[in-house]
Amino acid sequence: MQPFNEGMIRFINASPTPFHAVAWMAETLESRGFHRLEEDSKWNLEEGKGYYVTRNDSSLIAFTYTSSLDKGYVIVGAHTDSPHLRLKPNPLTTSAGVKRLGVEPYGGVLLNPWFDRDLGLAGRIVYLEGNVRKEKVITIDSPIAFIPSLAIHLDREANSSRSVNAQSDIVPIIATGDVDLEAFLLSQLEEDTANLTLLAHELSFYDLQKGSFVGVHNEFITSARLDNLLSCYVGVQAIVESSSPMMLACMDHEEVGSDSHVGAGGTFVEETLRRIAGEEFAPLMRRSLMVSCDNAHAQHPNFPGKHESEHAPILNKGVAIKINSNQRYATSSRTMGRFLQCAKALEIPTQTFVTRSDMGCGSTIGPISATRLGVETIDVGVPTLGMHSIRELSGISDAYGLCRILTRLGDFQ
Ligand code: CO
């Protein structure tokens with residue numbers, strides 16, 4: 001379990017954006033014998049081999065191929081994106097003699113924790129080298145930006161009533177002197193920048209603090225982006241270990257609704273499955289099971305009343321099965337039964353999560369995938385505190401337990 005968790009922290013540290021996460025997963029899959037496929041080329045799939053394919057370099061699907069297809073796939077779904085602050089196209093402004101970079105919140109960001117952090121910047125830039133258009137994923141892993149809090153002396157109500165305006169209150173500061181942002185970004189390419197022209201960028205601020213083990217017994221993991229890179233990591237470890245047919249679908253844009261050409265609401269998973277199965281697509285979907293893995297809200301010890309008391313997941317007490325009668329989660333009694341049969345056989349604990357009836361319920365790529373593919377689905381997730389904060393907290397044993405279940409789930413047809 002310790003090497004598993006250490007590997008997970010290394011993966012998340014190395015993945016400030018979906019582009020980085022997909023590159024890491026691709027490299028890991030290749031080191032375990034998986035072959036890269038290109039969507040715009042013909043596929044010649046060979047029995048028993050593993051493959052992966054990416055779209056936009058921000059979503060990744062991996063699968064093991066078998067021509068018989070009579071068992072169906074266990075399809076593990078997760079998402080590569082996390083809420084954060086995204087650099088605006090024309091970000092540079094000056095206020096109070098200080099240069100700032102304008103940002104747009106991506107997804108449901110918990111804004112307060114972004115104050116007073118050393119921030120790096122990472123993502124994709126597109127540029128011209130002479131007349132040739134190129135793109136590159138860059139990582140500025142030094143503290144180039146900071147969003148200072150307003151001192152309590154200037155706002156005596158700060159602890160009782162301060163709110164955060166997403167347009168004006170969370171603009172990172174970067175310098176007091178002049179800044180040539182284009183030259184600065186192009187200098188990250190490690191090339192002679194003389195004949196380079198910046199065309200566009202897709203850059204995300206991120207906290208430079210690395211993931212850690214926390215607690216007097218080191219029972220907690222704290223890190224950025226546990227939602228949902230934790231599940232991407234679990235899925236990669238499961239597919240390389242499993243002896244049953246498995247697919248892993250790690251999708252971008254979940255935090256903004258999944259409706260995009262790379263999101264779970266798009267065509268990527270269905271088109272990949274149709275290329276694998278051809279005419280057998282519908283029978284394959286009848287035999288397959290989708291396991292949508294996305295972190296679940298653990299019961300917060302300081303706010304226990306926010307949970308349904310009988311369905312409140314506890315850290316380190318097992319993965320949570322998420323249930324919602326209104327189909328915000330796709331779990332059915334049948335899919336839950338299969339998952340539990342496997343967990344019980346392996347003696348791995350599980351929990352159930354149901355939102356309080358007087359509160360709204362979140363959702364995942366589970367119901368979206370079930371709708372698009374017509375595949376039976378279960379929603380599960382590792383109990384996590386502080387979700388969508390710049391730093392989240394999970395237990396050390398739950399991700400590992402989920403991985404063991406996923407690795408063996410194909411045996412419980
Ligand atoms: Co999530």
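See the structure shown above.
Numbers given to residues run from 1 along each chain, matching the order in which its sequence is written. The predicted origin of the model limits local features to residues at a pLDDT of at least 70 and limits the giving and counting of side-chain atom pairs to 80 or more, whereas totals for whole chains, interfaces and linings rest on all residues. Excluded from the side-chain calculation are hydrogens and water; included are all heavy atoms of the structure.

Q: Which residues make up the packing of helix α1 (residues 2–13) against helix α5 (residues 226–241), and what are the values?
A: At a minimum axis distance of 10 Å, the contact between α1 and α5 shows a crossing angle of 125°. Here α5 runs oblique to α1, going by the angle between their axes. In this structure, the crossing between α1 and α5 has a hand that is right-handed. Each of Pro3, Phe4, Gly7, Met8, Phe11 and Ile12 in α1 lies in contact with α5, whose residues at this interface are Leu226, Leu229, Leu230, Cys232, Tyr233, Val234 and Gln237. In this analysis an axis means a line fitted to C-alpha atoms, helices contributing only their contacting stretch, and an angle means the value between N-to-C directions, from 0 to 180 degrees. By definition, any uninterrupted DSSP run of H or I lasting at least four residues is a helix, any uninterrupted run of E lasting at least two residues is a strand, and each is numbered from the N terminus. Throughout, the term roughly parallel applies to angles under 35 degrees, roughly antiparallel to angles over 145, roughly perpendicular to angles from 65 to 115, and oblique to all others. What makes a crossing left-handed is the near helix being turned counterclockwise from the far one by less than a right angle; a clockwise turn instead makes it right-handed. Contacts were defined at the residue level, with two residues in contact if any of their heavy atoms lie within 4.5 Å.

Q: Could you give an account of the sheet that holds strand β17 (residues 350–353), with specific residues and numbers?
A: One bridge is not enough; two strands pair if DSSP finds at least two bridges between them. Read from one edge to the other, the open sheet built from nine strands follows the order β1-β2-β3-β13-β4-β14-β18-β16-β17, with strand pairing classed as mixed. Both edges of this open sheet fall to β1 (35–37) and β17, since each of them pairs with a single strand only. In this sheet, adjacent strand axes meet at a mean angle of 25° when their direction is disregarded. The strands touched by helix α8 (residues 333–345) within the sheet are β4 (74–79), β14 (289–293), β16 (319–322), β17 and β18 (376–381), with β18 carrying the most contacts at an inclination of about 55°.

Q: Give me the coordination of the cobalt ion: which residues, what numbers.
A: Looking at the cobalt ion, the protein donor atoms are His79 (NE2), Asp227 (OD), Asp294 (OD) and Asp294 (OD), and they sit 2.0 to 2.7 Å from it. Sequence spacing among the residues donating to the cobalt ion works out to H-x147-D-x66-D. Within this pair, whereas Asp227 is found in helix α5, its partner Asp294 is found in the loop between β14 and β15 (296–297), the two being separated by 67 residues in sequence. The burial state of Asp227 is the same as that of Asp294; both residues are buried. Each metal site lists N, O and S donors within 2.8 Å (3.2 Å for Na, K and Ca). With water left out of the atoms, a site can look as if it is missing ligands. The classification of residues rests on relative accessible area computed with a 1.4 Å probe and restricted to protein chains. Under 20% of the type maximum is buried, over 50% is exposed, and intermediate values are partly exposed.

Q: Quick one: what's the story with the pairing of strand β2 (residues 50–55), residue by residue and with numbers?
A: Of all six residues in β2, six are buried, a share of seventy percent or more. On β2, burial covers both faces: Gly50, Tyr52 and Thr54 on one face and Tyr51, Val53 and Arg55 on the other are all buried. Here three bridges tie β1 to β2, and the two strands are oriented parallel to one another. Each bridged residue has a counterpart across the sheet, and for Leu37 the counterpart in β2 is Val53. Of the strand pairs in this sheet, β2 and strand β3 (residues 59–64) are connected by six bridges, and their pairing is antiparallel. Its bridge partner being in β3, Gly50 is matched across the sheet by Thr64. The antiparallel hairpin formed by β2 and β3 contains three residues in its connecting segment, where Asn56 sits at a positive phi of about 60°.

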